[in-house]
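Descriptive structure summary
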Amino acid sequence: MQQPTNGCSQHNGASEDHLHASSSNQQNGTTDMTGDNNVAVNGELVPKTMGKTDQDIVRLIGQHLKTIGLNRTADLLMQESGCRLDHPAAAKFRQHVMDGDWNKADNDLNELKSLLESSSQRLNEMKFLLLEQKYLEFLEDGRLYDALHVLRNELTPLQHNTDKVHQLSSFMMCSGKEDLMSRANWSGKGHKSRTLLMDRLQEFLPPTIMLPPRRLHTLLTQAVELQKDRCPYHNTKSEENLDTISLLVDHHCSRDQFPCETTQVLNDHCDEVWYCRFSPDGTKLATGSKDTTVMIWDVDPDTMSCHHRKTLDGHSYGVAYLAWSPDSSHLIACGPEDCPELWLWNVDTDELRVKMHHSPEDSLTACSWHRDGSKFVTGGIRGQFYQCDLEGNVLDSWEGVRVNCLWCRSDGKTVLAADTHHRVRSYNFDELSDATVLQEDHPVMTFSVNKADRLALLNVATQGVHLWDLRDKCLLRKFQGVTQGHFTIHSCFGGANQDFVASGSEDNKVYVWHIKRELPIATLSGHTRTVNCVSWNPVHHHMLASVSDDCTVRIWGPSSSSSSTSPPPAAANFKPGCTPEDSSTSSNGSVWHDMLS
């Protein structure tokens, strides 16, 4: 009887006469095995009729049972359902591959030829994989003559993947098994390498002939990942291993595990706090203030709290921007728009390594480290744009670029710069090339780029927070809720997979969004004036910091951690001699002015 392509026999393997006979036998006292329409005839099961979806599910379950070694159970399932796991020719092919019977496997391929799509090309690719395994196993066994025969008389005549054939021929010179396995990146003769080979071969076979390997596991993994993707508060590393989760319930993360509550208020600054940034290793927090100090805090991830470590002072213009080196050992501090100086600190030794003052006409208000930590770029809105070494020496400069914000890309060559023409442009100092990456209709106040170097997060004057795709050069999303005028406000990516975006706001709140949702998933209240900057800990993903014109630094964590700490004060406790009235009501000391080049 001809088999349909869904893997089950017509009438599930029974003729109409057979089915009629089984019905009669049941009336004569034969036991119904299933309570439905499965019956036993002469001690054998007559399969029940199922739809295509049920047949697919049975095949998936059968494959999984085989994978975990429940072969008898799988065989009974196939018998009772009337389905077959694989096409007979495909099943025979698999067995011969796993046994290393290469001649029979090659004959099986010829039987499968009519079942392959684009048969000649796929057949050649499958034969090449078989012969490659055969060749390597001969080499491992020391059968050099047989390996040479395969190379000359079987692999080469295929005229497929000539470069690979040349590489395979070089393995003839290997000194032994270990050398061969290392050079060929091969696990050696046996079940493991043949299983990997079979997985690759199955990619060429239609699923109606042979199911893709671990298909049920793949589908379950996709379902779990989709649930995580739709979970607004999912904040743990994505894992393909299903052993750590339950498949019996849908995935759900509680908001209580999200950094939504104040766990600590730091009152050590006595003027507006303009900037904050966690170190790349997550162990330190740096905050910069109008009070001319940079404070370094040690992070305690267990209590979601920070403890004062040291104060770096002497910044007569105030500190409006900070940038950690990739190894978390050095810190650059920049001032507001009228500041011509830049400070480079060695945080480990408290040493002021460089106080860069290139020209009194400069405005060094932005900076970014190259990924190798050997140099950095800095600039400002008066037209300065320098690339410097760790001693503050100017290595390269770009004339006439009025810079609001800078970011070094992961290629080690390209620098992104937001300018006063509402653009973000790329600059390559090695090739002296530049190009526009994106164009906004309003001033780009600040921006940052995610770890994948693909997405850019912009704070745009009067517009709010925008998400751009740097590769496709398109605007992906405009996040709603935040109040953004002309003050300088810094946003950030965050979370275990950088699935979240957080930003300060002129309405004294911190807004948090999922990267795929325009509406905020959390609005954090506590500050009493404009929130200038937000930083998400890159290692301890349940920890968030924000700074404000109210002179405070707030640390945010999950609500479960707040039970072990005393309730935070509603407003800052100011140092003697420092009051809120001493601070200007503007963010970063002044309203940002759009300066034309």
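Structure's up top.
A short note on the pairing of strand β24 (residues 491-494)
For a regular strand, side-chain orientation follows a simple rule: the groups alternate between the two sheet faces. The side-chain alternation of β24 yields two buried faces, one formed by S491 and F493 and the other by C492 and G494. Bridge analysis of β24 against strand β25 (residues 500-503) gives 4 bridges, and the strand direction is antiparallel. If you follow C492 over to β25, its bridge partner there is A502. Where β24 folds back on β25, the antiparallel hairpin that results is connected by 5 residues, among which G495 adopts a positive phi of roughly 95 degrees.

Remarks on the sheet that holds strand β14 (residues 385-389)
Spatially, β12-β13-β14-β15 is the arrangement adopted by the 4 strands of the open sheet, whose pairing is antiparallel. Two strands bound the open sheet, and with one partner strand each, they are β12 (366-369) and β15 (394-397). Adjacent strand axes in the sheet meet at a mean angle of 20 degrees when their direction is disregarded. Relative to β15, β14 runs antiparallel, the two being bridged by 3 bridges. Bridging across to β15, Y386 finds its partner in S397.

Points about the side chain of N537
Along the chain, N537 turns up in the loop between β28 (531-536) and β29 (544-548). Taking the relative accessible area as the measure of exposure, N537 reaches 1% and is therefore buried. When neighbours within four sequence positions are excluded, N537 is seen to be in contact with F278, G282, V299 and M543.

Thoughts on the pairing of strand β18 (residues 423-428)
Among the 6 residues in β18, 5 count as buried, and that is most of the element. The sheet contact formed by strand β17 (residues 414-419) and β18 spans 5 bridges and is antiparallel. Across the sheet, residue T414 finds its bridge partner in β18, namely N428. Counting the residues in the hairpin turn of β17 and β18 gives 3 residues, including H422, whose phi is positive at 70 degrees. In this structure, β18 lies alongside strand β19 (residues 433-439), joined through 6 bridges in antiparallel fashion. Its bridge partner being in β19, N428 is matched across the sheet by S433. From the end of β18 to the start of β19, which pair antiparallel, there are 4 residues, and L432 there has a positive phi angle of about 55 degrees.

Observations regarding the packing of aromatic side chains
If you walk through the whole model with that rule in mind, you get 12 aromatic pairs. Relative to Y321, the ring of Y275 has its centre 4.7 Å away and its plane inclined at 40 degrees; by these criteria the two rings are tilted. Of this pair, Y275 sits in strand β4 (residues 273-278) while Y321 sits in strand β8 (residues 321-324), and the two are 46 residues apart along the sequence. According to the relative accessible area criterion, Y275 is buried, its value standing at 3%. On the basis of relative accessibility, which here comes to 6%, the residue Y321 falls in the buried class.

Description of the layout of surface pockets
A probe as big as a water molecule, rolled over the atoms, marks out the empty space that is left. Volume-wise, the largest pocket comes out at about 860 Å³. For the largest pocket, the lining is made up of 40 residues, of which R277, F278, P280, W407 and V449 are closest to its centre. Broken down by secondary-structure element, the contributors of at least two residues to the lining of the largest pocket are β4, β8, β12, β16 (403-408), β20 (444-449), β24 and β28. The calculated volume of the second largest pocket comes to roughly 630 Å³. What lines the second largest pocket is a set of 18 residues, and nearest its centre among them are K66, T67, R94, M98 and Q202. When residues of the lining of the second largest pocket are traced back to their parent elements, those giving at least two are α2 (52-67), α4 (88-99) and α10 (191-202). No other element matches the 5 residues that α10 contributes to the lining of the second largest pocket.

Calculation rules
- Residues numbered from 1 in each chain as written.
- Predicted model: local features only at pLDDT ≥ 70, side-chain atom pairs only at ≥ 80, totals over all residues.
- Heavy atoms only, no water.
- Buried < 20%, exposed > 50% of the residue type's maximum accessible area, 1.4 Å probe, protein only.
- Helix = DSSP H or I, 4+ residues; strand = E, 2+ residues; numbered from the N terminus.
- Pairing = 2+ DSSP bridges.
- Axes fitted to C-alpha atoms, helices over the stretch in contact; angles between N-to-C directions.
- Contact = heavy atoms within 4.5 Å.
- Phe/Tyr/Trp six-rings, centres within 6.5 Å; stacked < 30°, edge-to-face > 60°.
- 1 Å grid on protein atoms, 1.4 Å probe; cavity = no way out; pocket = protein on both sides within 12 Å on 5 of 7 lines; lining within 4 Å.
- Points joined across faces, edges and corners; volume = space filled by probe spheres on them.

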